[in-house]
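# Observations on chain architecture
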Amino acid sequence: MGKPENNVIQQQSDQTLGKRRSLLSIIVAKFMQNKLAVFGLFTLAIIITACVLAPWIAPHDPNFQNLRNRLAPPGPEFWLGTDHLGRDLFSRLLHGGQVSLTVGFVAMLGAVSIGTTIGAIAGFFGGRVDAFLMRLVDVIISFPNIFLLITLVAVLEPSMEILILVFALLSWTGTSRLVRGEFLTLKNREFVLAARTIGMSNTRIIFGQILPSAMGPVIVAATLAVGGFILAESTLSFLGLGIQPPRASWGNMLTYSQSVTIFRTAVWYPTFPGLMILITVLCFNFIGDGLRDALDPRVVEK
Amino acid sequence: MKATKSIFILVNLIFMLFMFLTACGTTPEDTDTAERGADEEVDEPTGDPQYGGTIVLGTSGEPVIFNALYHQDSASADVTDLIFAGLTYTDESLEVQPHIAKDNAEISDDGLEWTFELQEGVLFHDGEELTAHDVVFTYNIFLHEDYTGPRAGSFTSLESVEAVDDYTVKFTLREPDARFHTLTGYSILPEHILGDVPIGDLEDYNEFNIENPIGAGPFKFENWDPGQSLSLVAHEDYFEGRPYLDGVTFRFASDSNALVLLLETGDIDHMIAPTSELVAIETYEHVNLSSTLALRYDYIGWNLQNPLFEDVRVRQALTHAIDRQEITETVLEGQAEVAHAPVSPLSWAYNEDVARFDYDPDRALELLSEAGWEPGEDGILEKDGEKFSFTILSNDGNTTRRDIGIIVQQYLGQIGIEVKPEQMEWGAFLDKINPPNYDFDAIVLAWGLALDPDPSAIWHSKEIENGLNNISYRNDRIDEISDINTTIIDQDERAELLGEAWAILAEEQPYTFLYYPNQFVALNRDVQGFTHHPRVDMYKVNEWWLNR
Amino acid sequence: MTTYIIRRLIMMIPILIGISILSFAIMYAAPGKPTVLNLDPDISVEDRERQMERLGLNDPAHIQYLRWMGNVLQGDLGNSFTRKQPVTQLIMDRLPNTIILMVVSTFLAVIIAIPFGVLSATRQYSKLDYGVTFTSFIGLATPNFWLGLMLIMVFSVQLGWTPVGGVSTLGSEFNLLDRIHHIILPAFVLATADMAGLTRYTRSSMLEVINQDYIRTARAKGFRERTVVYKHGLRNGLIPIITIFGLMLPTFIGGSVVVETLFSWPGIGKLFIDATFERDYPVIMAITMFAAVLTVIGNLIADILYAIMDPRIEY
C-alpha cells in the first residue's frame, strides 16, 4: 500500500466531507423552513427535557399512594390531580414519559441497527447472501406481527426490556429493505470502486463509505418509528400487555380511560397521558416529515 | 372549490362538536345527580307478578357447552342452570333444598344410603317425563370409566346409584361423605336422548351439548349466535309453573366497560357489576344495585418454602403491617369486610372466634424484632446479613389485586420491608406458582369457595405435591381435621370441628386473609322478583318478572 | 408473468412451513397449559391429568406438531380445547364479521383518503392542504383505542346515534340499515390510521407525478387542468398506493383485535386474543396460519398489481 494513494483517498473523503457539510447546511435550512417540523422539534425538546429531569422536577414521589385522596381533581397541591391510588398524576406523567420515550428510542435504535446491518450486508454482497437474507425478511414480514407480539409479550413477562426487544426484533425489516436498495445503487459508484481498488476492508467500505450516503431515508423512517413504538406500547397496554404497574407509562395510564367511572368522575386522569402520547407522536411525525422533505433532493421549493 | 371548502368546514365543525360533547359528557352535573339522589328515595313499584317480556342479561364470558357434566366455566354454568334442573339446589343461605326431589335425602343411619323421592310429572322440554331412570343415567356417567369430564374426582365416594322405582332413586356410598349433599344438585340429563351415545363420545356430542340441549329447567334453549347473543324461551310445562318471563337473552360484550355502557343505554337489564364501576352505575336512574357478600375471600399467600416466611411471628407481623381496613374502605369503596380466616361468614361452618391481627405497625416491628429482624443501615430490616426483601406476584387481569400488590409495597416499606410488585398474565402466573414450580415469594389471589366448606383441597399437606396447597402449608391437626370432617354427617358437630381448623389457620397466618368482598348485581328497575344468591348468578329466574 | 406467479406461489410453501414451526414452538414454550387454567378446588388432579391425555398434551412437542400438520394437510384444523367445537366452525362463525369490517373500513379509508390526498396535492400549500395534512397527522398520532372510546362516549352514549357495540340489533332479522348503523363507528375507527396514512401517500405520490415532465407537457398543450390531473396524474400516482393495499391486508386483522374488543364485534381478532390467554393451541395455530397466508398473498397481490399498473416492470 503506497502512502500517496492513501492520501488521494483521504483528500477525496475530505472533499465529500466538505460537500456533506454544505449539504448539511442546506438540509438544515430546508428543515428550518418547515414550520410544523420546527414546532415539533421545539415541543419535543421540552417534553424530553422535562421527562429526563423528572426526578428533580416532579413535585411528588410518583409511587407514593394516599388512599384517602384518590382521584382528586387538579389543584395547587396536585397540579394534574391524583390517580386511583392517590398518586400524583403530574409526577407519574413525567416518570411515565421516561418509560414511554425510552421504549420508543431504544426499540428504534435496535430496529434500525439490525435493519441497517442486514440490509447493508444483503445489498453489498448480493447473490446468495442477499437471497437468503431477503427470504428471512419475507418470513418475518409474513409473520402476523401483532399475533407474535401478543404471544411473545404474554409468554415472557411484559417488562420494559422485553417490550423493547420484541419491538426491535419485529420491526427491522422495513429499514433493511430500504438500506439494501440504497446499497444496490451505491455500491457501483466511483467512490466505492476507488475505495476497493486501494484494498479498503469491506467493513470499512460498508460503514465508512456507503452507509453515510444511504442514511437519509433511514433517518426519516427512524424518526417516524419512535412515535410508532410509543403508540404500539399504548395499544399493548390496552390489551393488558404493556408496561406493568407500579411503573408508570403513558400507555398504561391511558388504559384507565376504559373505566366508565373514571371517565365520568375523573376524566383528567386518562386525558393527560392521552394528550402526551398524541403530542409526542405528532411531533415525531412532523419532524420525520420535515426531514423527508429536507433530505429529498427531488422536492422542489415553491 | 366551493364544495371542498364546505366539506372542510363540515369536518371542522364535526371535530369541534366532538370536542364540545366530550367536554359536556364529562363535566360532573351536580344538579342532575342531586335529582337522581332524590329519585332513589321513591319506592320501587311493586305489585302482583305479571307474565310476559324478555330480559336481556349482559355478560362478558361466552358459554362453551350446555352440559353440566363437562363445563368448567361460569358462563356455561349460568346457561345450564336455566335449562336443566337437579334433584336439589342450594338456597341463598347455602342450605341444600329439594328441587325435583320431593324432600331432602333420607339418609340411612350408617350414612351410606341416600334415598330421594322424586316429584311426579316433571317434564323435559320435549315433553318426556323425568324419572328416576334419568337420574340414574346421569350419575352413572360420572362413575363410568370412559367419562372424560372434569368431575370424576368429586364422586370417588359414590359406589352406585339405582332406581328403586320410577320415582325413587337410591345412592350408595363407600363411606359417609358430608360433601355429598352439594353433589346432588347436578343437572339431570334425558336418558331417552343420550342413552345410546357411548359415554366416551358424550363430551363431543355437539348435537345435544351445543346445538340442542334438552333439560327440565325453567327455560328452553332457542338460539345461539356466537359472539353476540344466546336466547332461551320459557318452558311452558315447567314443573314449578311457567316462568313469568317469556324469555331470557344473554348478550355478550367484550369487557365490563362495554357492559356498563350497554347498561347505561338500556340495552341490557342485568349484569354482575364490578366494584370499580359502582360510582358510575349508581348514577343511572333506571338501574337498581343489589349487593350481597360473595362466597369468597381474597388473600396474600406466603410461600412457606421461602425461609423468609418460615417464622409464624413474621407472618403475623406482615398482617399487622397491612391496613386491611383502609384497603376495604378505599380501594373496595367500603364494599368488603376484613377477613380473618379461610371461611366465609355466609357459611354454616364460620367461626367468628379466631385470632385477629389488625393494623398495628408497632406490634409488627416488635414481632419482627422477636424473630430476629432489625433495621439495617438503609432502614431495611436485616437478619444474619440478609435483607427482608421479596416479590409479590399477582395476575394482570385483575386490577384490584394488582393494586393490592402495589399498596402492600408501601405498607411494608413503612416498616422496613422491601417489596417488589409484579404482574403476570393468568396462564403464565398459574404455571409459575403451581407445582412443580412453586416459583414465588408471595401472591395476591382469591378463592371462590365451594358450597361445602371442606378445607382438604387447599390446606391438606398431601395437596402440596400436586394440588392447590402451593404455599406448602403443613400442619398435622389440619390434615387430621381434613381427613375426618367429611365423614361427619351431623352439621353442628362438623361445624365445631371445622371451627377448630379455622382458628388454627387464623393463628398461623399462612395467608394474610384480606377481605370478603361484596358482590353486586345491577338490574333494570323494571325487573322484579330477584333474589341475590352469593354463588349462583342465575338463581330462581323463573320467579323474576318484568313490570313493563 | 404466469411463471412469475407460479414461482412466487411455490415459494410460499417453505415460508408458511417456517412460520408454522416458529409459531408452534413459541406457543409450546409459553408457560401455562390449557387445562390447568382453572383453579377450581372441585376438579381433582386425576381429572386434570385425564384431560391432558385426552387432548394429547402429554406427547412430546414434535409429535404434537407433526400430528397437527398431518391433520391440517387432510383439511382438519382440529377441535378447540376450551370451546369444544371444530376450529373451522369457530373461525367460519366469526370470519365474515371481520371481513365485512375490513371491507367497509377500507372502503371508508379510500373514499375519504384519495380525494383529500389528490386535492391536497393539487392545491399544495393551500389552507385545504394544511387542514388535510394536519388532520391526517392527528389521525396518525391518536391511539386507536382512545379514539374509539371517545367516539363511543360521544356518539353512542351521549347522543345515542349509534349502538354501543355488536353486529346487529338483538333478535332482529337481517336488515341492511341496521347493519350499517352498527358498523359505521367500528369501521371508521379501524380506518383512521390507514386513512391518514393513505392521504399522506396519495398526496406525495400525486405531487411527484404532477411535477413530472409529461404532466407539464400535457398542461402546456392546453388540456384542462382536471383532465391533466385525473386522467394522466391519477393513474400514475395511484400505482404506489395500490401496492400499499396488499401490505395493509394483514395489518387489518391485527388492528381489528383492538376494534373488535372495543365494539364487542365478534370477529377473529377477538377470538385470537381469547385463545392466546386460554392457551387454546388449535385456535392459535389456525388463526396465525390464516393471517400468514393472507400476508403472503397480500404481498403477492401487491406485486402483481404493481406489475399490471406499471408496464415498465419486467419479470
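Residues numbered from 1 in each chain as written. Chains lettered and ligands numbered in written order. Predicted model: local features only at pLDDT ≥ 70, side-chain atom pairs only at ≥ 80, totals over all residues. Heavy atoms only, no water.

Right, let's talk about the pattern of salt bridges for a bit. Scanning the entire structure with this criterion turns up 36 salt bridges over all chains. We note a salt bridge from Asp289 of chain A to Arg292 of chain A, for which the minimum N-O separation is 3.8 Å. Of the two residues, Asp289 of chain A and Arg292 of chain A are both situated in helix H13 (residues 268-295); the distance of 3 residues between them amounts to about one turn of the helix. On the basis of relative accessibility, which here comes to 39%, the residue Arg292 of chain A falls in the partly exposed class. Close ionic contact of Arg50 of chain C with Asp47 of chain C constitutes a salt bridge, the shortest N to O distance being 2.9 Å. Here the residue Arg50 of chain C and the residue Asp47 of chain C both occupy positions in helix H2 (residues 45-54), the gap between them amounting to 3 residues, near one helical turn. We classify Arg50 of chain C as partly exposed; its relative accessible area is 30%. Residue class for Asp47 of chain C comes out buried when judged on its relative accessible area of 1%. (Salt bridge = Lys/Arg side-chain N within 4 Å of Asp/Glu carboxyl O. Helix = DSSP H or I, 4+ residues; strand = E, 2+ residues; numbered from the N terminus. Buried < 20%, exposed > 50% of the residue type's maximum accessible area, 1.4 Å probe, protein only.)

Residue Pro246 of chain A is bonded to the preceding Pro245 of chain A through a cis peptide linkage, with omega at 10 degrees. Mapped onto the fold, Pro246 of chain A is located in the loop between helix H10 (202-238) and helix H11 (250-254). Following Pro435 of chain B, the chain continues to Pro436 of chain B via a peptide bond in cis, the omega torsion being 5 degrees. With respect to the element layout, Pro436 of chain B can be found in the loop between helix H14 (426-433) and strand S20 (442-448). Phi is positive for Leu94 of chain B, close to 65 degrees, though the residue is something other than glycine. Note on placement: Leu94 of chain B falls in the loop between strand S2 (88-90) and strand S3 (96-98).

Let's shift gears to a nonpolar patch on the surface. Residue and element names in this part refer to chain C. Taken together, Met1, Ile297, Ile301, Leu305 and Ile308 make up a surface patch of nonpolar side chains, about 410 Å² in accessible area. Looking at the secondary structure, you find Met1 in the segment before helix H1 (2-29). Given the relative accessible area of 42%, Met1 is considered partly exposed. (Patch = residues over 30% accessible without salt bridge, like charges linked within 9 Å, V, L, I, M, F, W, Y side chains within 5 Å. Areas by Shrake-Rupley, 256 points an atom, 1.4 Å probe, with all protein chains shown as cover.)

A word on the interface of chain C and chain B. Residue-level contacts link 56 residues of chain C with 58 residues of chain B. Of the roughly 4800 Å² buried between chain C and chain B on both sides combined, carbon and sulfur atoms contribute 61%. The interface formed by chain C and chain B holds 5 salt bridges in total. Across the pair Asp204 of chain B and Arg54 of chain C runs a salt bridge, and its minimum N-O distance is 3.4 Å. When contributions to the side of chain C that touches chain B are tallied by element, the ones reaching two or more residues are H2, helix H4 (87-122), helix H5 (127-141), helix H6 (144-158), helix H9 (225-262) and helix H10 (268-278) of chain C. (Contact = heavy atoms within 4.5 Å. Buried area = accessible area lost by both parts, 1.4 Å probe.)

Residue and element names in this part refer to chain B. Assignment of secondary structure puts Asp441 in the loop between H14 and S20. The sequence separation of Asp441 and Tyr539 amounts to 98 residues, and the corresponding C-alpha distance is 39 Å. Leave out the neighbours within four places in its chain, and Asp441 touches Gly301, Trp302, Asn303, Asn306, Phe309, Phe390 and Thr391. A polar side-chain atom of Asp441 sits 2.9 Å from the main-chain amide nitrogen of Thr391. (Polar contact = N/O pair within 3.5 Å; in protein donor to acceptor, adjacent residues only side chain to side chain.)

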